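Read off the chains here:
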Amino acid sequence: MRSNYCLWLIMGWLCFYTWHIDHTVYAADAQKDVALIYVTSNKQPNEDVQAVQQILQAYTSVDTIALEDIYPHSLQRYERIVVINTYSTVLPAKALDALNQFQGPALMIGDNALQLAPFAQWQEGPVVELRALGAESLNKPVQWESVQPTANAKIIKMASAINQSYPFIIQQQNWSFIGAFINEGTLQYNWPALLGELLQLPKPQAHQAFIVLSDITMKTNVQKLKKVVDAFAEHNIPVALEVTPIIVEEQVNYLHDNKTLLRYLQQLQKEGYTFILSAATSMEQSLEYLALRNIYPTMGTDNSALFTSSIQQGNQSLYSAQLDNHIIYPLTAGTVMDSAMYPFYPVKQQIDLLLKAPGSVIGMQYPAYSDAAYVQELADYLTNHPQIKLINFRQTKQQVKSENITIVQHENGEQMVHLSLTNFQRLKILWNERPFESILWALVLIVSLFVALFFMNTLRLRITLRKRLFEERKTNG
C-alpha cells in the first residue's frame, strides 16, 4: 500500500515538472514585436540607439539587444527587427545567419549593410557630404559613404550633396535601408512616422498633452495665479502646479512667508489638483516642507528616487520614457511667454511639429506670472483638436516615498498619505526653517515657565502664611 502511494506521488511530481517545463518554454518563446539590435564600438547603447528605442516604444514593445548576443533562431520570436550600426565592422557569422533568415519587416540603419544577403549585390559609392535629406536641410554637412543599390530596389527618399543626389532610404525585399540616423532639427519629428511605415507598424492616433503651471514660489502673485487656474477650470482643462517651496537668493525664502499663497495652494490640494515638486535645495527637505503643510506633490522635476514619475525639462525626447522605474514626461512644446506679442504662436508651431510624430507627448509650461487672457486661445486649440488627449495626472497611479513620508495616489484620484516624523524631527525642521522665530518662541516659553513658577511659589507662600495665621489664632484662643 505504501509503495503504491509513493508511485502515485512520483508520477504526480513528474507530470507537474513536465507541465512546468512546457509552460516555461512556451513563455520564453512567446511572440514579441521589435528587436532593436545595436552595433557600437563599446557594445553599449548610444544616444542614437536610445532615440530609436523611444520612437519604437511609442508604437509597440521593444527589446534592445547587442549584436554580439544574436545567434541563429534567437530572432524567431520577433515580428520585426531593426539593426542600427554606428561604426564599420565585420558582423559575426552567427548574427548574420540569424538576420539573413529573418522573414518579417526588417530595417538596417547605418554601416555594414552590404554584408547582409538582401543588400549583397549593392555597390559601395563615394564618400559625400550630405546637405539635405529629402526636403529637409541639414544644420551642418554630414559625411556619408554612399551606396549604389540594384535596379530592382525601391528608392524611398534621396539625400543631396552640393551637386548630386544619392539614394538614402531604400527597400529591398523584406528589408529597408537608411543610410544614417541623422537626428537633428526638424528631422527628429519626421523619423517616427517614417520608421513606422517601413516596419508596417500600426500608427497611434492620440497624442497625450499636459499643462504645467510653473514658477510658483513665495514671490508668486496669488491673484494672478488664481485667475489663471480659474481660466483653465472654466474650460475643463486639467493643470498641474509646479511649486518651489524653498528658494535661495541673498537669504532663504520659504513658501509660508506668503501666507495667502500657502492657504490658496492648500485649498487647491483639497480640490484635487496635482502638485509637482521643484526643489532649489534637497528634494527630501522640500517634500517634507510641503507635506507638513498639507500639500502632497506626487511628481518631481528631477529624476529623483523619491518619485515614480517626473516632469523633465530641456529634453529632446518626444515621448514619455521609462528610466530606472521612473516615468519621465518631457516638456516638449515650450512655454507660453508673457512677453511675446503672440504668446501662443511659437507653442503652436512646436505642437504642429510634434503632431507629425505618432504618439508623441505634448508638454507645455504656463508660468504662474502670465496673464490669464492667454488661456482662451490655448484652450480652444487643445479642446478642439481630435488627436490631442489631455492628461489629468491626478487620475494616474503615482507613488512618493522618503524616509519619513509615503504618498500613494490611485487612478481614481484618491491619495493615501503617511507621515512618520517624530516630535523631535518636527522641532528640528521648524528650527532649520525659522531659527529666529524658534528662539523667540523658546524665550516666550522660558519666560512663561518662570512666570508660572513665580505664581505657583507666591500662591504656595500665601497658603502657608494663611495656615500659620489660622494656627496662631487657634493657639491663642
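Shown above is the structure to which this text applies.
Model, not experiment: these values are computed from the prediction. (Residues numbered from 1 in each chain as written. Predicted model: local features only at pLDDT ≥ 70, side-chain atom pairs only at ≥ 80, totals over all residues. Heavy atoms only, no water.)

A. Highlighting the overall build of the protein. Helix and strand counts for the protein come out as 11 helices and 23 strands. Of all 477 residues assigned to the protein, the portion counted as buried reaches 44%. Across the protein, contacts joining residues at least 24 apart in sequence account for 65% of those joining residues at least 6 apart. (Helix = DSSP H or I, 4+ residues; strand = E, 2+ residues; numbered from the N terminus. Buried < 20%, exposed > 50% of the residue type's maximum accessible area, 1.4 Å probe, protein only. Contact = heavy atoms within 4.5 Å.)

B. The arrangement of the environment of Tyr59 in detail. Of note, Tyr59 is situated in the loop between α2 (47-57) and β2 (62-66). By relative accessible area, Tyr59 is classed as buried at 13%. For the pair Tyr59 and Pro202, spaced 143 residues apart in sequence, the C-alpha to C-alpha distance is 7.0 Å. At 2.6 Å, the side chain of Tyr59 and the backbone oxygen of Pro192 are in polar contact. (Polar contact = N/O pair within 3.5 Å; in protein donor to acceptor, adjacent residues only side chain to side chain.)

C. Looking closely at the sheet that holds strand β21 (residues 398-401). The strand order across the open sheet built from three strands is β21-β22-β23, with neighbouring strands paired in antiparallel fashion. Edge strands, defined here as strands with exactly one partner in the open sheet, are β21 and β23 (415-419). Geometrically, the sheet is characterised by an average inter-axis angle of 5 degrees between neighbouring strands, direction not taken into account. Relative to strand β22 (residues 405-409), β21 runs antiparallel, the two being bridged by four bridges. Residue pairing for β22: Val400 is matched across the bridge by Ile407. (Pairing = 2+ DSSP bridges. Axes fitted to C-alpha atoms, helices over the stretch in contact; angles between N-to-C directions.)

D. Examining a nonpolar patch on the surface more closely. Taken together, the side chains of Ile446, Leu449, Phe450, Leu453, Phe455, Met456, Leu459 and Ile463 make up a nonpolar region of the molecular surface, amounting to roughly 860 Å² of accessible area. When you line up the elements, Leu453 lands in helix α11 (residues 435-476). Accessibility expressed as a relative area gives 46% for Leu453, which makes it partly exposed. (Patch = residues over 30% accessible without salt bridge, like charges linked within 9 Å, V, L, I, M, F, W, Y side chains within 5 Å. Areas by Shrake-Rupley, 256 points an atom, 1.4 Å probe, with all protein chains shown as cover. Salt bridge = Lys/Arg side-chain N within 4 Å of Asp/Glu carboxyl O.)

E. Seen up close, the packing of helix α5 (residues 222-234) against helix α6 (residues 259-270). Across the interface, α5 lies against α6 with an axial gap of 10 Å and an inter-helix angle of 20 degrees. Taken as axis vectors, α5 and α6 run roughly parallel relative to one another. In this structure, α5 meets α6 at a crossing whose hand is left-handed. Between α5, through Val222, Leu225, Lys226 and Val229, and α6, the contact on the second element is made entirely by Thr260, Leu261, Tyr264, Leu265 and Leu268. The class makeup of the residues in the contact of α5 with α6 is seven nonpolar, one polar and one charged. (Parallel < 35°, antiparallel > 145°, perpendicular 65-115°, else oblique. Left-handed = near helix turned anticlockwise from the far one by under 90°. Nonpolar A, V, L, I, M, F, W, Y, C, P; charged D, E, K, R; others polar.)

F. Region of the structure containing the pairing of strand β4 (residues 106-110). Counted residue by residue, β4 has five buried out of five residues, so it is predominantly covered. Of the strand pairs in this sheet, strand β3 (residues 78-85) and β4 are connected by five bridges, and their pairing is parallel. Residue pairing across strands places Ile84 opposite Ile109, the latter belonging to β4.

G. Spotlight on the pairing of strand β8 (residues 165-172). Burial within β8 is extensive, with six of its eight residues counted as buried. Judged from the six bridges that link them, strand β7 (residues 154-160) and β8 form a sheet pairing that is antiparallel. Bridge pairing in β8 links Lys157 to Ile169. Counting the residues between successive antiparallel strands, the hairpin from β7 to β8 contains four residues. One ladder, built from four bridges, connects β8 with strand β9 (residues 175-178); its direction is antiparallel. Following the sheet pairing, Ile169 is matched in β9 by Ile178.

H. Just the pattern of salt bridges, in detail. This structure, assessed with the given rule, holds five salt bridges. In this structure, the salt-bridge partner of Arg80 is Asp33, at a minimum N-O distance of 2.6 Å. Taken together, the residues Arg80 in strand β3 and Asp33 in strand β1 (residues 32-39) connect sequence positions 47 residues apart. Judged by its relative accessible area of 13%, Arg80 falls in the buried class. Look at Asp33 and you get buried, because its relative accessible area is 13%. Ionic pairing is found between Asp352 and Lys348, a salt bridge with its closest N-O pair at 3.1 Å. Of this pair, Asp352 and Lys348 are both found in helix α8 (residues 345-354), four residues apart, which corresponds to roughly one turn of the helix. The exposure class assigned to Asp352 is partly exposed, which follows from its relative accessible area of 31%. Relative accessible area serves as the criterion here: at 29%, Lys348 is assigned to the partly exposed category.

These values are about where atoms sit, not about what they do.
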